[in-house]
Amino acid sequence: MHWPTGLSRSWISLAIGGAFAVGALACSGGKSAPRGGAQSALLEAMKARKLSEADVQAALKTYTPTGRMDEYLTFASGGHSGQVIVIGVPSMRILKYIGVFTPEPWQGYGFDEQTKGVLAGGRRAGHDITWADTHHPALSETAGDYDGQYLFIGDKANPRLAVIDLADFTTKQIVTTELIGSDHGAAFVTPNTDYIVETTQYPVPFGGGYADPAKEYKEKYRGAAVFWKFDRKKGRIDPAASFAVEFPPYTQDLADAGKLVSDGYAFFNSINTELAWGGNQEGQPSMESSYSKSDMDYLHIVNWKKAEELVAAGKAETIAGMKVLRLEVSAAEGVLTFVPEPKSPHGVDVSPDGEDIVVGGKLDTHGTVYSIAKIKALIAAGKFESKDPYGVPVLPFKEAIRGQVELGLGPLHTQFDNQGNAYTSLFLETVVAKWSLKDLKVLDKLPTHYNIGHLVAAEGDTVSPDGGYLIAMNKWALDRFNKVGPLLPQNFQLVDLSKPKMSLLYDMPIPLGEPHYAQMIKADKLKPVDVYKPGEDPITGEKSPEMVEANKERVERKADGVHVYMTAVRSHFTPDIIRVKEGDTVKLHIDNIEQAYDATHGFAINSYNINISIEPGEHSDVTFVADKAGVFPMYCTEFCSALHLEMAGYLLVEPK
Ligand code: CUK
Ligand code: CUA
């Protein structure tokens, strides 16, 4: 602890003159405030809270007064919560959890017909899946820059991909393919968001069939990169226009799309060229040791524009409903090329100018920097050193790299700033290493707490990163926060990049799943709507055919059930009594007929698991079978007005 007695006089005057006197100046009509008073008040506050000079400087850079907005928004994966977390930077205030793969009661996500339909898009093997292991969110891009329109995120556990519309921060679509059995290199977008890439992690036989790995791992198990076609006009993935590129069962890891000079290519790591499959009670070593026997794995280089042409020319085979470019075709036609990469790497990140492909060694102390110019020249000249057992040409390692940077222990992921610097997370050393892309020299290291996984810099995956801020996304937090039992939050540490030496600004616990990755976008690129258009179904974006207008509320008994057309407005539902008979199918159609910003109503019914959120303008549908007779209170769950408690009614289910 640096005690404020060592505080330099000049620094105090700076702090007081620069920041603390602003309020005083405003109150005293322009006359400057008595400095001595403010100075001693500051020192007293610092002493009372045991704050050092560095602490106060950090506080000045993150403290955000009431009503002030953040400069950036970070979209972080919610890890196993299956959600996305929206965080303001530099305040590190949580602004929203977006329900994505998991039902989320606050938003009524997964409770009404609209969002149940979205979740149903992620059913696999005939099962509803109500959780996800989300890892990598990806913002939509135009010409390699975040455009603020969409966000995509993958589910590693049940390979799925979700589309979130940033017009209303709502999940609109979930897609999946039974072709593959898990993913990890997902989601990554091509520079104009033509495709969203989802790459397998653990190989399985394509299409979900059975094969014993002890006998048929090499022959039957496969990985793939799925290129999901994004239809930007519709704001949806078009599965029929999507395709996959088959990979050998090398256990692919992270991926990134090329940009500018490397546009048209995508890069995928692999960690298991050993073709291990486990079996530690069947006479095999555990995966952890067998995966890392070889000194080199293969960086997969995919020419996706060529793949797209071949698929269009009918060269793909349809497996489990997905068009798949088979290995033989990809190897022969130059779609897939390998280049060795050191020992079980983890992250692969393309530099802002698209020239360098940086691979984090994980079990190697280096960051390896491949050059797309060299790779292209080698491919054009047909300069391959060998072929892998599946017939894929392999480029010579030494000739494909621009160099290696000696980073330290456990390099994982890399981000970039606007000064030509790269920032790599070192998991084992638990630091952020700042290094110069040009000279491949380490410039600075900042300790993190603890075990940093990913890191995210402002606009850090684009063709024009901003610098300024970086968040270290740390796995362990053992002595950083008050104790909360054996399961601890993750620790996001905000780092100041504005000076040559990095400095730590803020620790933020993330108590909801383990976020892996995040992306940080300039807040002014986002243009969300304030309210829905009257009667809008948020999932279709259209006026609902069942829209309910004021004074048109009614109950109609139809062949498919009792339709209740209801409106919600401060502070009543109309009708506020719903009479049905035991066994009736009930279809509620509810419109929030307000257009006032922030005037959300909730709607809940006891015992029927009914809970929705109806934002201003929104139309929502709920279907249930009234199979239990009785009296069930229903009420608004958002404290919407002084008479919110009166916004209630009864569902009356008359016995048969
Ligand atoms: S992964 Cu978790 S730290 Cu899923 Cu991107 Cu590297
Ligand atoms: Cu509407 Cu409370």
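Draft legend 1. Geometry of the sheet that holds strand E2 (residues 83-89). Strand order in the open sheet formed by four strands is E3-E2-E1-E33, and the pairing between neighbours is antiparallel. Two strands in the sheet have a free side with no partner beyond their single neighbour: strand E3 (94-99) and strand E33 (518-522). Averaged over all adjacent pairs, the angle separating strand axes in this sheet is 20 degrees, with direction ignored. Relative to E3, E2 is paired through five bridges, and the arrangement is antiparallel.

Draft legend 2. How the structure looks around the side chain of Lys587. Within the secondary structure layout, Lys587 lies in strand E38 (residues 585-592). One buried charged residue, Lys587, remains without a salt bridge, the closest side chain of opposite sign being Asp560 at 4.3 Å.

Draft legend 3. The nonpolar core, seen in detail. In terms of nonpolar packing, the biggest core is built from 32 residues, with Phe227, Val245, Phe268 and Val302 touching the most fellow members. Within the residue set of this core, elements represented by two or more residues are strand E9 (195-199), strand E11 (221-231), strand E12 (236-247), strand E14 (265-270), strand E15 (296-303), helix H7 (304-312), helix H8 (327-333) and strand E18 (336-342). The leading source of residues in this core is H7, at four residues. Leaving out residues up to four positions away in the same chain, Val245 has contacts with Gly223, Ala224, Ala225, Phe227, Val302, Ala307, Leu325, Ser330 and Val335. Listed in part, the 27 residues of the second largest apolar core include Val564, Ala568, Val586 and Val622.

Draft legend 4. Just the sheet that holds strand E7 (residues 170-176), in detail. What the four strands build is an open sheet, ordered E4-E5-E6-E7; its pairing is antiparallel. At either end of the open sheet lies a strand with only one pairing partner, and these are strand E4 (134-142) and E7. Direction aside, neighbouring strands of the sheet carry axes that sit 25 degrees apart on average. In this sheet, E7 lies alongside strand E6 (residues 160-165) in antiparallel orientation, the contact comprising six bridges. Considered in E7, the bridge of Val163 is made with Gln173.

Reading guide: rules and limits
- Residues numbered from 1 in each chain as written.
- Chains lettered and ligands numbered in written order.
- Predicted model: local features only at pLDDT ≥ 70, side-chain atom pairs only at ≥ 80, totals over all residues.
- Heavy atoms only, no water.
- Pairing = 2+ DSSP bridges.
- Helix = DSSP H or I, 4+ residues; strand = E, 2+ residues; numbered from the N terminus.
- Axes fitted to C-alpha atoms, helices over the stretch in contact; angles between N-to-C directions.
- Buried < 20%, exposed > 50% of the residue type's maximum accessible area, 1.4 Å probe, protein only.
- Lys, Arg positive; Asp, Glu negative; His and termini not counted.
- Salt bridge = Lys/Arg side-chain N within 4 Å of Asp/Glu carboxyl O.
- Core = buried A, V, L, I, M, F, W, Y, C linked by side-chain atoms within 4.5 Å.
- Contact = heavy atoms within 4.5 Å.

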